[in-house]
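# Inside the fold
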Amino acid sequence: MQTLNEMLAQKFLTPEQHFEILSWTTRAKTPEKILEMPPHLWRSLELASVLMGFEVGPVEA
């Protein structure tokens, strides 16, 4: 949740996006349920992650 708060503080997420994502992840009890988050929220979260400089790449074994 700290990362979501940082995304909001840096204005990478709107207050509405922050609220919706936080609400969804709080209600989701499993990783599978989190993955069911609506596409518009995923896009917002992915863009905010890029703007924060998170690297997304293949998982190494």
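Residues numbered from 1 in each chain as written. Predicted model: local features only at pLDDT ≥ 70, side-chain atom pairs only at ≥ 80, totals over all residues. Heavy atoms only, no water.

Counted by the stated rule, this structure contains one salt bridge. A salt bridge links lysine 33 to glutamate 36, with the shortest nitrogen-to-oxygen separation between them at 3.8 Å. According to the relative accessible area criterion, glutamate 36 is partly exposed, its value standing at 48%. (Salt bridge = Lys/Arg side-chain N within 4 Å of Asp/Glu carboxyl O. Buried < 20%, exposed > 50% of the residue type's maximum accessible area, 1.4 Å probe, protein only.)

Here we come to the nonpolar core. In terms of nonpolar packing, the biggest core is built from eight residues, these being Leu4, Met7, Leu13, Ile21, Met37, Leu41, Leu45 and Ala48. Every element with two or more residues in this core is listed here: α1 (2–9) and α4 (39–52). Looking at this core, the element that brings in the most residues is α4, giving three residues. Other than its neighbours up to four places away in sequence, alanine 48 contacts Met7, Phe12 and Leu13. (Core = buried A, V, L, I, M, F, W, Y, C linked by side-chain atoms within 4.5 Å. Helix = DSSP H or I, 4+ residues; strand = E, 2+ residues; numbered from the N terminus. Contact = heavy atoms within 4.5 Å.)

Next up on the list: the packing of α1 against helix α2 (residues 15–27). With their axes 10 Å apart at the nearest point, α1 and α2 run at an angle of 170° to one another. By the angle between their axes, α1 is roughly antiparallel relative to α2. Here Leu4, Asn5 and Leu8 of α1 come into contact with α2, specifically with Pro15, His18, Ile21, Leu22 and Thr25. (Axes fitted to C-alpha atoms, helices over the stretch in contact; angles between N-to-C directions. Parallel < 35°, antiparallel > 145°, perpendicular 65-115°, else oblique.)

Orientation of α1 relative to α4, taken along the N-to-C sense of each, is 80°, at an axis distance of 11 Å. Here α1 is positioned roughly perpendicular relative to α4, judged by the angle of their axes. Contact residues: α1 offers Thr3, Leu4, Glu6 and Met7, while α4 offers Leu45, Ala48, Ser49 and Met52. Of the residues contributing to the contact of α1 with α4, the split by class is five nonpolar, two polar and one charged. (Nonpolar A, V, L, I, M, F, W, Y, C, P; charged D, E, K, R; others polar.)

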